[in-house]
Amino acid sequence: MRYLRTAGAVGIRRPRPADEAEFTAAARRSRELHHPWLNAPADPTAYAAYLAKVRRRDHSGYLICDRASGAIAGYANISAIILGALRGGFLGYAAFLPFSGTGHASTGIGLVVDHAFTALGLHRLEANIQPGNEPSRAVARKLGFRLEGFSPDYLFIDGAWRDHERWAITAPADPPGRSRGLRQHPAGS
């Protein structure tokens, strides 16, 4: 398997149509783990919509994989990517059973953050996390995200408007005289 980045037992790669059966089975198996925080794509139609979304220019999707078995351990997405002066996006992520609590998710999300700051040329990522979602809050803290605020009734999830905490991280400062090699994009992108 070709990965975009690896660290120890974990690699990240782009999702593909051939991943549908494994991904949707993992989402169904992990439904209780994710409830009420998110609804992972758990059927072919939802997975096809997910693939279409992460292939758009303003989104990017990644599978977090166990390198020994190749199994999908979780996933992460960057949505609403804004270029120009902001160069940021919103990060979402989830682990799948049986990999929850093994470190696969936090390692994989760390790889996605690094990829976003280098290969994608982003400067800021924001993760919006429901206050009771302690596993996601722990990952954000572990990776160096800072709590920036609270948004009441922020996202409609599981049939209700849910409050969220805003966690964010910015790219490390460049050493003096050195550029991160940001990709150039047309004006207005």
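Description of the structure in this document. (Residues numbered from 1 in each chain as written. Predicted model: local features only at pLDDT ≥ 70, side-chain atom pairs only at ≥ 80, totals over all residues. Heavy atoms only, no water.)

## Some thoughts on the packing of aromatic side chains
Moving on, step 1. Using the criterion set out here, one finds eight aromatic pairs in the structure.
Moving on, step 2. Relative to Tyr75, the ring of Phe23 has its centre 5.1 Å away and its plane inclined at 65°; by these criteria the two rings are edge-to-face. Of this pair, Phe23 sits in helix α1 (residues 20-29) while Tyr75 sits in strand β4 (residues 72-82), placing them 52 residues apart in sequence. Like Phe23, the residue Tyr75 is buried in the burial classification.
Moving on, step 3. Note on Tyr47 and Tyr50: the rings are 5.9 Å apart at their centroids and 45° apart in plane angle, and the pair reads as tilted. Of this pair, Tyr47 and Tyr50 both sit in helix α3 (residues 44-54), three residues apart, which is roughly one turn of that helix. (Phe/Tyr/Trp six-rings, centres within 6.5 Å; stacked < 30°, edge-to-face > 60°. Helix = DSSP H or I, 4+ residues; strand = E, 2+ residues; numbered from the N terminus. Buried < 20%, exposed > 50% of the residue type's maximum accessible area, 1.4 Å probe, protein only.)

## Let's talk about helix α5 (residues 134-142)
Moving on, step 1. Buried within α5 we find Ser136, Arg137, Val139 and Ala140. One side of α5 carries all its buried residues, which in axial view fall inside an arc of 160°. Those residues of α5 that are exposed and angled more than 90 degrees off the buried face are Pro135 and Lys142.
Moving on, step 2. Against the buried residues of α5 lie β5 (88-95), α4 (104-118), β6 (124-129) and β8 (160-170). (Arc of directions from axis to C-beta. Contact = heavy atoms within 4.5 Å.)

## Quick notes on the sheet that holds strand β7 (residues 146-157)
Moving on, step 1. The mixed open sheet is built from eight strands, whose spatial order is β1-β2-β3-β4-β5-β6-β8-β7. Each having just a single partner strand, β1 (5-7) and β7 make up the two edges of the open sheet. Within this sheet the neighbouring strands show an average axis-to-axis angle of 25°, counted without direction.
Moving on, step 2. Two elements, β1 and strand β2 (residues 10-13), share three bridges in a ladder whose sense is antiparallel. By the bridge assignment for β2, Ala7 is matched with Val10. (Pairing = 2+ DSSP bridges. Axes fitted to C-alpha atoms, helices over the stretch in contact; angles between N-to-C directions.)

Fair warning: the whole summary comes from geometry, so function is off the table for now.
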